[in-house]
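Chain residues, written in single-letter form:
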Amino acid sequence: MNNKGVFNPQISEDITEFQLDKYINLIIYSYNKIIINKKRGILHEDIRRNMLVNVMRKNKFKFKINDIIASYETFGDDYTTIGRTDITFFVNVFENRSFTIECKRFLENEINKSQIQNQYIGNGVNRFITNKYPTYWGYAGMMSFVESGDILKLSQILNKQFKMTNLSQKYKYQFITESSEYSSAKKLFKIVHILLNFA
């Protein structure tokens with residue numbers, strides 16, 4: 001299986017905005033379940049991600065989502081591993097249609113322009129731009145776990161780095177935006193940016 005994420009406009013009809021909305025609403029619902037259960041405190045990124053995925057898997061049928069939610073390795077034509085996704089919704093059993101989300105953890109001292117340039121963009125957004133991770137359907141996701149510090153400050157810095165469209169009214173959640181980017185293959189795709197506050 002070759003999971004090089006080159007966007008193919010011929011398969012863009014395979015996702016609808018309705019389906020993407022279900023994924024995002026599941027994420028927000030699962031986040032709120034974690035907060036209600038007081039699962040706060042500073043955790044490692046992998047633990048936080050696994051906690052979120054576990055709640056998402058348990059509740060996905062409430063949103064009429066039958067897709068597999070997992071992480072997986074991507075590899076090139078020579079079968080060399082080029083990356084491992086954090087969260088992926090697999091739409092079909094052939095695993096060649098997916099919506100991938102890259103996760104980043106932030107502590108208080110990491111909420112600054114330099115860290116965002118290095119980690120959020122350099123080791124996050126750029127993975128989609130360079131096709132290290134797939135952007136099937138022309139969509140990708142970036143998710144931030146704010147373990148300590150000011151989520152509003154992080155949101156403001158990101159809004160200066162990207163030309164954002166605010167989606168907070170659509171999803172009834174304050175910290176969700178969308179930006180449009182071009183891949184290295186000059187294909188336009190959108191990134192949904194979701195900030196989750198665990199501080």
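Computed from a prediction, not measured in an experiment: that's the story for all the values here. (Residues numbered from 1 in each chain as written. Predicted model: local features only at pLDDT ≥ 70, side-chain atom pairs only at ≥ 80, totals over all residues. Heavy atoms only, no water.)

What follows deals with the overall build of the chain. Within the chain one finds five helices and nine strands. Starting at the N terminus, the α and β elements of the chain follow one another as α-α-β-β-β-β-β-α-β-α-β-α-β-β. By residue count, 53% of the 199 residues in the chain fall in the buried class. Restricting the contact set of the chain to residue pairs at least 6 apart, pairs at least 24 apart contribute 64%. Carbon and sulfur atoms make up 49% of the accessible area of the chain, which totals about 9900 Å². (Helix = DSSP H or I, 4+ residues; strand = E, 2+ residues; numbered from the N terminus. Buried < 20%, exposed > 50% of the residue type's maximum accessible area, 1.4 Å probe, protein only. Contact = heavy atoms within 4.5 Å. Areas by Shrake-Rupley, 256 points an atom, 1.4 Å probe, with all protein chains shown as cover.)

Moving on, we get to the sheet that holds strand β4 (residues 87-90). An order of β1-β4-β5-β6-β9-β8-β7 is seen for the seven strands of this open sheet, with the pairing classed as mixed. Of all the strands in the sheet, the pair left with one neighbour each is β1 (68-70) and β7 (164-166). Pairwise comparison of adjacent strand axes, ignoring direction, gives a mean angle of 25 degrees for this sheet. Bridging between strand β8 (residues 176-182) and strand β9 (residues 188-197) involves seven bridges; their strand directions are antiparallel. The residue bridging Tyr182 from the neighbouring strand is Leu188, located in β9. Strands β1, β4, β5 (98-106), β6 (139-146), β8 and β9 of the sheet are contacted by helix α1 (residues 17-36), whose axis makes an angle of about 15 degrees with β9. Strands in contact with helix α3 (residues 113-129) are β5, β6, β8 and β9; relative to β5, the strand with the most contacts, it is inclined by about 170 degrees. (Pairing = 2+ DSSP bridges. Axes fitted to C-alpha atoms, helices over the stretch in contact; angles between N-to-C directions.)

Take the environment of Ile87 next. Positionally, Ile87 belongs in strand β4. Counting along the chain gives 34 residues from Ile87 to Val53, while the straight-line C-alpha distance between them is 7.6 Å. If sequence neighbours within four positions are ignored, Ile87 has contacts with Arg49, Leu52, Val53, Met56, Ile69, Ala70, Phe99, Thr100, Ile101, Cys103 and Met143.

Now for the packing of aromatic side chains. One pass over the structure, following the stated rule, counts 11 aromatic pairs. Here Tyr23 and Phe99 contribute two aromatic rings whose centre-to-centre distance is 5.9 Å and whose plane-to-plane angle is 15 degrees, an arrangement assigned as stacked. Remark: Phe99 occurs in strand β5 and Tyr23 occurs in helix α1; sequence separation between them is 76 residues. Between Phe145 and Phe198 the ring centres are 6.1 Å apart and the planes differ by 70 degrees, which places this aromatic pair in the edge-to-face class. Of this pair, Phe145 sits in strand β6 while Phe198 sits in the segment after β9, and the two are 53 residues apart along the sequence. By relative accessible area, Phe145 is classed as buried at 0%. (Phe/Tyr/Trp six-rings, centres within 6.5 Å; stacked < 30°, edge-to-face > 60°.)

Moving on to the side chain of Arg49. Within the secondary structure, Arg49 is located in helix α2 (residues 45-59). For Arg49, a relative accessible area of 6% puts it in the buried group. Dropping the residues within four chain positions of it, Arg49 is found in contact with Arg84, Asp86, Ile87, Cys103 and Phe145.

Moving on: the pattern of salt bridges. Within the structure shown, the criterion is met by eight salt bridges. Where Asp46 meets Arg49, a salt bridge forms, and the shortest distance between an N and an O atom there is 3.1 Å. Placement of the pair is Asp46 and Arg49 together in helix α2, with a separation of three residues, close to one helical turn. Beyond isolated ion pairs, a larger network of salt bridges with shared partners links Glu17, Asp21 and Lys170. (Salt bridge = Lys/Arg side-chain N within 4 Å of Asp/Glu carboxyl O.)

Moving on, we get to empty space enclosed by the protein. Inspection of every chain in the model, using the stated rule, returns one cavity of 30 Å³ or more. Size it by volume and the largest cavity reaches roughly 30 Å³. Every residue lining the largest cavity is listed: Phe99, Ile101, Gly141, Met142, Val192 and Ile194. Every element with two or more residues in the lining of the largest cavity is listed here: β5, β6 and β9. Here the residues of the lining of the largest cavity sort into five nonpolar, one polar and no charged. (1 Å grid on protein atoms, 1.4 Å probe; cavity = no way out; pocket = protein on both sides within 12 Å on 5 of 7 lines; lining within 4 Å. Points joined across faces, edges and corners; volume = space filled by probe spheres on them. Nonpolar A, V, L, I, M, F, W, Y, C, P; charged D, E, K, R; others polar.)

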